[in-house]
Amino acid sequence: MRLPSFVFDIDGVLLRGPNVLQPALEAMRKIYDDGGGWRYPTAFLTNGGGMLESEKAKQLSEKLHVEVKSEQVILSHSPMRGLAETLSDRPVLLSGRGKVMEVAAAYGFNKAVHTSQVAAAFPSAVPFSSTQRYSRCLVSEEGYGTQKMPIEAILVMNDPCDWYRDAQLIVDCLLSGGVLDGSVAEGNVQEKVPSLYFSNPDLLWANDFGRSRYGQGAFGLIVETLYKSHQAQPVKPVYFGKPNPQPYRLAEVTLARQAKAMGINANAFIFAVGDNPAADILGANRAGDHWVSCLVQTGVFKAGSEPSVKPSILVGDVSAAIDAALHRMRQEHWHSLR
Ligand code: G3P
Ligand code: MG
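What comes next concerns the included structure. Please read all numbers here as calculations on a predicted model, not as lab measurements.

## Thoughts on the site of ligand 1
And then number 1: The immediate surroundings of ligand 1 are formed by D9, I10, D11, T46, N47, G48, D159, N200, D202, W205 and K242.
And then number 2: In the model, an oxygen atom of ligand 1 is placed 2.7 Å from a nitrogen or oxygen of the D9 side chain.
And then number 3: A distance of 3.0 Å separates an oxygen atom of ligand 1 from a polar side-chain atom of K242.
And then number 4: Alone, ligand 1 offers 310 Å² of accessible surface; in the complex the protein occludes 94% of this.
And then number 5: For the shell around ligand 1, the residue count by class is two nonpolar, four polar and five charged.

Pasting the structure below:
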């Protein structure tokens, strides 16, 4: 009999803010055997980030009482690792909360400067900001983001904490051809505009507040709108993260490896459980016929409304999603015998 694989979204499916949702613990008991580990290939695919995959794996292991390995975790910025192949020794500007400097260093970005460092070095660049965090600034110390060594790419790795500061500095960086020290005069149109990458396009996400919160996609809209108010040609950012294809391909790789180790048929049925129709359901529906989208009602999508993107399976919570998936697999097996 063919076995399913599972891909879990995190916020709104397993957690709400710091709190573990009860059905998540039930779900884990159905697919994890304390003695033998995972019964099915399993991955955790989130548009969150701000830490290394290994740290997220540790966090999930503690919260869900299972052993999650870092290879099973795909964060919104995981696909950015691929960018380091061309940008490893080029100056890049980072935006985002959490440990994005450490993440960038681990991915191989050797000349990264954080918006917080730029703000600390040039306080008058962001007069309304009071969130400076780093004392060292690689613009003044190493010359990254000066006319000699302009920024070549901007990486928004996670939702930033100070949207004003980061929108101002990112738009400055785009308009000045990657120069952060204020030395490029306004109106001096630059030919080389740094590339702009966002790690996810989520307009909304679900934490422990009663209503969905704005996510990185909302920040992206602000940056794009501000840029458009200066330039006729819009900036064309690249968005990683669900519903875009890159994280799904990474998930398939880890699931296939696990399936091989278990000696089972790889990636025949991948059940993707998520709470956000615009991210999780659209992404899984587009990822290929072997992906089955399961929408739950514990996060962004609420019972009683019509989902903006139709899932293959609609259930209350993640535990019910496991039941529905296993039921579908039994039907599949029965049909194959006829
Ligand atoms: O910042 C987190 C958020 O945008 C979504 O997280 O786990 O629901 O994909 P998740
Ligand atoms: Mg979610």
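## Some words on the coordination of the magnesium ion (ligand 2)
And then number 1: Around the magnesium ion (ligand 2), the protein contributes the donor atoms D9 (OD), D11 (O) and D275 (OD), at 2.1 to 2.2 Å from the metal centre.
And then number 2: All donors of the magnesium ion (ligand 2) come from a single chain, and their spacing in sequence reads D-x1-D-x263-D.

## Description of a nonpolar patch on the surface
And then number 1: A cluster of nonpolar side chains, namely L203, Y214 and L221, defines an oily patch on the protein surface of about 340 Å² accessible area.
And then number 2: Topologically, Y214 is positioned in strand 13 (residues 213-214).

## Some words on the packing of helix 7 (residues 163-175) against helix 8 (residues 216-228)
And then number 1: Where helix 7 meets helix 8, the axes come as close as 10 Å, and the angle between the chain directions of the two elements is 45 degrees. The pairing of helix 7 with helix 8 is recorded here as oblique in orientation. At the point where helix 7 passes helix 8, the crossing takes the right-handed sense. Of the residues in helix 8, those in contact with W163, D166, A167, I170, V171, L174 and L175 of helix 7 are A218, F219, I222, V223, L226 and Y227.
And then number 2: Of the residues contributing to the contact of helix 7 with helix 8, the split by class is 12 nonpolar, no polar and one charged.

## A short note on the pairing of strand 16 (residues 291-295)
And then number 1: Burial within strand 16 is extensive, with five of its five residues counted as buried.
And then number 2: By the alternation rule, side chains of strand 16 split into W291, S293 and L295 and V292 and C294, which are all buried.
And then number 3: Pairing geometry for strand 15 (residues 270-274) and strand 16, over five bridges, is parallel. Considered in strand 16, the bridge of G274 is made with L295.
And then number 4: Pairing between strand 16 and strand 17 (residues 313-314): two bridges, direction parallel. Paired with L295 across the bridge in strand 17 is L314.

## Section: the packing of aromatic side chains
And then number 1: Under the criterion given, the structure shown has 12 aromatic pairs.
And then number 2: A centroid spacing of 4.8 Å and a plane angle of 75 degrees characterise the contact between Y32 and W38, whose relative ring orientation is edge-to-face.
And then number 3: On the basis of relative accessibility, which here comes to 14%, the residue W38 falls in the buried class.
And then number 4: Where F128 meets Y164, the ring centres are 5.3 Å apart and the plane angle is 35 degrees; that geometry is what we call tilted. Taken as a pair, F128 in the loop between helix 5 (115-121) and helix 6 (138-142) and Y164 in helix 7 lie far apart in primary sequence, 36 residues in all.
And then number 5: For F128, a relative accessible area of 70% translates into the label exposed.

Reading the values: rules and limits
Residues numbered from 1 in each chain as written. Chains lettered and ligands numbered in written order. Predicted model: local features only at pLDDT ≥ 70, side-chain atom pairs only at ≥ 80, totals over all residues. Heavy atoms only, no water. Near = heavy atom within 4 Å. Polar contact = N/O pair within 3.5 Å; in protein donor to acceptor, adjacent residues only side chain to side chain. Areas by Shrake-Rupley, 256 points an atom, 1.4 Å probe, with all protein chains shown as cover. Nonpolar A, V, L, I, M, F, W, Y, C, P; charged D, E, K, R; others polar. Donors = N, O, S within 2.8 Å, 3.2 Å for Na, K, Ca; no water. Patch = residues over 30% accessible without salt bridge, like charges linked within 9 Å, V, L, I, M, F, W, Y side chains within 5 Å. Salt bridge = Lys/Arg side-chain N within 4 Å of Asp/Glu carboxyl O. Helix = DSSP H or I, 4+ residues; strand = E, 2+ residues; numbered from the N terminus. Axes fitted to C-alpha atoms, helices over the stretch in contact; angles between N-to-C directions. Parallel < 35°, antiparallel > 145°, perpendicular 65-115°, else oblique. Left-handed = near helix turned anticlockwise from the far one by under 90°. Contact = heavy atoms within 4.5 Å. Buried < 20%, exposed > 50% of the residue type's maximum accessible area, 1.4 Å probe, protein only. Pairing = 2+ DSSP bridges. Phe/Tyr/Trp six-rings, centres within 6.5 Å; stacked < 30°, edge-to-face > 60°.

Don't take any of this as a statement about function, it's just geometry.
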